[in-house]
Amino acid sequence: MKVCLRLSNYSQPSFTCNPQKFRKDCSQRIQNNNLTETNISNLKGLAEKFSNEGLTYQQCLKAAKTNPFMLVHKPDTLEYNIREFANRFSEYGITAENHLKNALRHPPLFSMSPDTIENNIMTKAQLFANDGLTIEEIIKMAKSQPNVYTINPKSLDKKVNQIAEGIQGTRTDVLEIFKAHPTTCSLNPKEIIKKFEFLKYIEQNKFFDTKKLIPSDDVLKPILLKKSYTNSMELNYLILLRNKISSTLPNGSKLPFNHLNEAIQKFIKQNSDKIINLQMPANKLVNQFTKFVENFSHSTIGKNIFKFKIV
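Values in this document were obtained by computation on a predicted structure and should not be read as measured data.

K.L.:
Pulling in residues and values, what's your account of the overall build of the chain?
P.N.:
A count of helical and extended segments in the chain gives 15 helices and 2 strands. Split into buried and exposed, the 311 residues of the chain put 46% on the buried side. For the chain, the proportion of contacts with a sequence separation of at least 24, taken over those separated by at least 6, is 70%. Of the accessible surface of the chain, which amounts to about 16,500 Å², a share of 47% is contributed by carbon and sulfur atoms. Of the side-chain charges in the chain, 44 are positive and 28 negative, and the distance between the mean point of each set is 7 Å.

K.L.:
Can you tell me about the environment of Ser-246, naming the residues and giving the values?
P.N.:
In this structure, Ser-246 sits in helix 13 (residues 233–246). Taking the C-alpha atoms as reference, Ser-246 lies 31 Å from Asp-173; in sequence the two are 73 residues apart. Those residues in contact with Ser-246 that lie beyond four places of it in its chain are Ser-253, Lys-254 and Leu-255. A distance of 2.8 Å separates a polar side-chain atom of Ser-246 from the backbone oxygen of Arg-242.

K.L.:
Give a description of the pattern of salt bridges that names residues and reports values.
P.N.:
Under the counting rule described, the total for this entry stands at 19 salt bridges. A salt bridge links Asp-157 to Arg-171, with the nearest nitrogen and oxygen atoms 2.8 Å apart. Taken as a pair, Asp-157 in helix 9 (residues 153–166) and Arg-171 in helix 10 (residues 171–180) lie far apart in primary sequence, 14 residues in all. What makes Asp-157 buried here is its relative accessible area of 19%.

K.L.:
Describe the nonpolar core, and please don't skip the residues or the numbers.
P.N.:
Membership of the largest hydrophobic core comes to 87 residues, with the highest contact counts inside it found for Phe-178 and Phe-306. Setting aside its immediate chain neighbours within four residues, Phe-306 contacts Leu-241, Ile-245, Phe-267, Ile-268, Ile-276, Leu-278, Val-293 and Ser-297.

K.L.:
Account for the packing of helix 14 (residues 260–270) against helix 15 (residues 286–301), with residues named and values stated.
P.N.:
Contact geometry of helix 14 with helix 15 gives a least axis separation of 10 Å together with a crossing angle of 70 degrees. Looking at the two axes, helix 14 sits roughly perpendicular to helix 15. Two secondary-structure elements touch here, helix 14 through Asn-261, Ile-264, Gln-265, Ile-268 and Lys-269 and helix 15 through Phe-296, Ser-297, Thr-300 and Ile-301. Across the contact of helix 14 with helix 15, the residue classes tally to 4 nonpolar, 4 polar and 1 charged.

K.L.:
An account of the side chain of Asn-39 is requested, with residue identities and associated values reported.
P.N.:
Looking at the secondary structure, you find Asn-39 in helix 2 (residues 37–49). Note on Asn-39: relative accessible area 2%, which makes it buried.

K.L.:
Let's hear about the packing of aromatic side chains: which residues, and what values?
P.N.:
In this structure the tally under the stated criterion is 11 aromatic pairs. Seen from their ring centres, Phe-85 and Phe-89 are 4.9 Å apart, and the 35 degrees between their planes marks the pair as tilted. Summarising the burial analysis for this pair, Phe-85 and Phe-89 share the class buried. A ring pair is formed by Tyr-237 and Phe-292, whose centres lie 5.0 Å apart and whose planes are at 35 degrees; its orientation type is tilted. On the criterion of sequence distance, the pair formed by Tyr-237 in helix 13 and Phe-292 in helix 15 is long-range, its members being 55 residues apart.

K.L.:
Quick rundown of the packing of helix 4 (residues 75–88) against helix 5 (residues 96–105)? Include the residues and the values.
P.N.:
Close contact between helix 4 and helix 5 brings their axes to 9 Å; oriented N to C, the two are set at 125 degrees. On the basis of the axis angle, helix 4 is oblique to helix 5. Handedness of the crossing formed by helix 4 with helix 5: right-handed. On helix 5, the residues touching Ile-82, Arg-83, Phe-85 and Ala-86 of helix 4 are Ala-96, His-99, Leu-100 and Ala-103. The residue inventory of the contact of helix 4 with helix 5, partitioned by class, reads 6 nonpolar, 1 polar and 1 charged.

K.L.:
I'd like a description of helix 7 (residues 114–127), backed by residues and values.
P.N.:
Helix length check: helix 7, at 14 residues, gives a terminal C-alpha distance of 20 Å against a target of 20 Å (1.5 Å per residue), a fit within 8%. Residues of helix 7 that are buried include every one of Pro-114, Thr-116, Ile-117, Asn-120, Ile-121, Lys-124 and Ala-125, and no others. Considering only its buried residues, helix 7 is in contact with helix 4, helix 5, helix 6 (108–111), helix 8 (135–144) and helix 9.

K.L.:
Any details on the environment of Leu-35? Residues and values, ideally.
P.N.:
You can see Leu-35 is positioned in the loop between helix 1 (19–31) and helix 2. In the structure, Leu-35 is positioned 36 residues away from Leu-71 in sequence and 8.6 Å away in space, judged by C-alpha atoms.

K.L.:
Tell me about unusual backbone geometry, and name the residues and values.
P.N.:
Leave glycine aside and you will find that most residues have negative phi; peptide bonds, for their part, are mostly trans. Even without being glycine, Lys-211 reaches a positive phi, approximately 60 degrees. Within the secondary structure layout, Lys-211 lies in the loop between helix 11 (189–209) and helix 12 (217–224). The exposure class of Lys-211 is exposed, given its relative accessible area of 78%. One non-glycine residue with positive phi stands out, namely Asn-251, at about 60 degrees. Tracing the backbone through its elements, the reader meets Asn-251 in the loop between helix 13 and helix 14. Under the relative-accessibility criterion, Asn-251 is labelled exposed at 80%.

Reading the values: the criteria
- Residues numbered from 1 in each chain as written.
- Predicted model: local features only at pLDDT ≥ 70, side-chain atom pairs only at ≥ 80, totals over all residues.
- Heavy atoms only, no water.
- Helix = DSSP H or I, 4+ residues; strand = E, 2+ residues; numbered from the N terminus.
- Buried < 20%, exposed > 50% of the residue type's maximum accessible area, 1.4 Å probe, protein only.
- Contact = heavy atoms within 4.5 Å.
- Areas by Shrake-Rupley, 256 points an atom, 1.4 Å probe, with all protein chains shown as cover.
- Lys, Arg positive; Asp, Glu negative; His and termini not counted.
- Charge placed at Lys NZ, Arg CZ, Asp CG, Glu CD.
- Polar contact = N/O pair within 3.5 Å; in protein donor to acceptor, adjacent residues only side chain to side chain.
- Salt bridge = Lys/Arg side-chain N within 4 Å of Asp/Glu carboxyl O.
- Core = buried A, V, L, I, M, F, W, Y, C linked by side-chain atoms within 4.5 Å.
- Axes fitted to C-alpha atoms, helices over the stretch in contact; angles between N-to-C directions.
- Parallel < 35°, antiparallel > 145°, perpendicular 65-115°, else oblique.
- Nonpolar A, V, L, I, M, F, W, Y, C, P; charged D, E, K, R; others polar.
- Phe/Tyr/Trp six-rings, centres within 6.5 Å; stacked < 30°, edge-to-face > 60°.
- Left-handed = near helix turned anticlockwise from the far one by under 90°.
- Expected span 1.5 Å × (residues − 1).

Listed below in structure tokens is the structure:
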């Protein structure tokens, strides 16, 4: 991210101090309500620049906690950054108002020059041109996850390659995951790969539990590319446990998805005097799952009621 902007019509302060120290000092100044007159004037000035869009001083102050450089940037410069970017990409539905909202959600956008963001977008589009990612799709992703604008293109390219290799898929496959859930762009590749494998195991168990032939990875892939990868592994474990318990219930009954944690705890308490037998298809992740289930049962009633058979 460019912190020091050099725009043709605006002058920027030159930061010669350590950026981390500056960020820490400014954050403490905001927290202690010890802003300088210049800091306050800059934030109030920014709010005035976007008064027609409904921007308030308090919103600017909140954004400055994440991006303290807003305290020293001139209001004219920050206004230029927002409005000029909107002007350049207006054909894609970008307006000053919706880009301002994105900046409030991801405050570093206030300090990024239109040139920097434009270069990031164009470079991404070039890097992934053969993989089906367009400028329009990048902007659509950024509307739900604004830091898509600020992710370094080369870093994203490297991440896509790592994930594609890890899930034994293509770069296009990885981009489909990102487009379906743009927040995934910010996740660690190892985390995405692990979740992909476990989500695949959840799908495989659905066929296993109904005594159907487990389909090939190619058949499951379209389903997996639409899944959410932002759920915690704990929640994924609970989803699989809910499915496994439901497969043992009579008359097609199923545990509810709503309030999943509480629903499974209630089942465990109601069946505390029983042993619940669950069959699992062999998988490298099965041990992590069974260990989680045993610990979950112990934390609920002080003992484990589940017995697993790996086949």
